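# Structure assessment
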Amino acid sequence: MTSHRLFPSATLLVPESELEQYAAIPLEKATVPDSVMGISSLRNWVLRHFKEDAIIMLDDDISACVCMVSLRCRKLSVGETLVMLTNSAFNARGAGARLFGWHQRSDPRLLQRNDPFGINHWVGGAVGVVRDAQGGVPVWDELLKCKCDIDATLQELMDNRLVWNEARFCFVQERDKNLGGNSLFRSADRIATEKRHLKRKWKAHITFENYKSQDKVAMHVPRRQSVALA
């Protein structure tokens, strides 16, 4: 676990039966019923039990937040990271989005300087939610345990038309390698099954590829009209 070093004011959620194991972590703690299993069920539980207008859910293996607007990535301080999170939530609300997130890869070559914000990219690792005027929030499919964030993003793009993406910043973390947590449900067979389900559900709007032995996901949900110059 590394995220507590970057987010000292966060609330750490732990299963009721494992509370004592986290006694040494210097964060405010809240317990989650042991019956809540899987990241999708946990996200829905969080949104039901915490009533703040904006909520950010962070994986426990985040080691840094980097700014990618220069030729070399720069790590943000703890204070800068908090300000960035707050600003992202305000921007998402101003745009009318209920779901928001950040760039998925900390490679400054992937950032278009003249296009620092996106409205149709998937979120994961660090996931932000802003309640709408009626208090509504996105809902995660609890049958999915591994690819639930991708599905929730596509569902939100269909229901609410946009997902706010702050592309200038990225959270650095180890993906699909840590033990514990959601790894208890992760297996090659389950991942393959969920990918087949998502492909049947979303058809041409989603593709799966491999990049350096890791899964690469691409969503195809255009939100801009194409322009052809004669």
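### Structural notes on helix α4 (residues 148-159)
Taking 1.5 Å as the rise per residue, α4 with 12 residues should run 16 Å; its terminal C-alpha atoms sit 16 Å apart, in good agreement. Burial of α4 is extensive: nine of the 12 residues sit out of reach of the surface. Along α4, the residues classified as buried are C148, D149, I150, D151, A152, T153, L154, E156 and L157. Among the structural elements, α2 (39-49), β6 (99-103), β8 (126-130), α5 (188-202), β10 (206-211) and β11 (214-219) are those in contact with the buried residues of α4.

### Things to note about α5
For α5, which comprises 15 residues, the first-to-last C-alpha distance of 21 Å matches the rise-based estimate of 21 Å (1.5 Å per residue) to within 8%. Within the sequence span of α5, burial applies to I191, E194, L198 and W202. Considered in projection along α5, the buried side chains sweep an arc of 65 degrees and stay on one side of the axis. For α5, the exposed residues set more than 90 degrees away from the buried face come down to A188, D189 and R200. Buried residues along α5 sit in contact with α4, β10 and β11. The first or second residue beyond α5 is K203, which carries a positive phi of 50 degrees.

About the thresholds
- The written sequence of each chain sets the order in which its residues are numbered from 1.
- Reporting of local features is limited, given that this is a predicted model, to residues whose pLDDT is at least 70; pairs of side-chain atoms are given and counted only at 80 or more, and all residues count toward the totals for whole chains, interfaces and linings.
- Think of the side-chain values as coming from all heavy atoms in the structure, minus any hydrogens and water.
- Numbering of helices and strands starts at the N terminus; helices are DSSP runs of H or I of at least 4 residues and strands are runs of E of at least 2.
- How far a helix is expected to stretch is found by multiplying one less than its residue total by 1.5 Å.
- For every residue, the accessible area (1.4 Å probe, protein chains only) is compared with the maximum for its type, and the residue is labelled buried under 20%, exposed over 50%, or partly exposed between those bounds.
- Every residue pair with non-hydrogen atoms within 4.5 Å of one another is taken to be in contact.
- What the arc measures is the spread of directions leading from the helix axis to the C-beta atoms.

Honestly, that's just the spatial picture; any functional story needs more than this.
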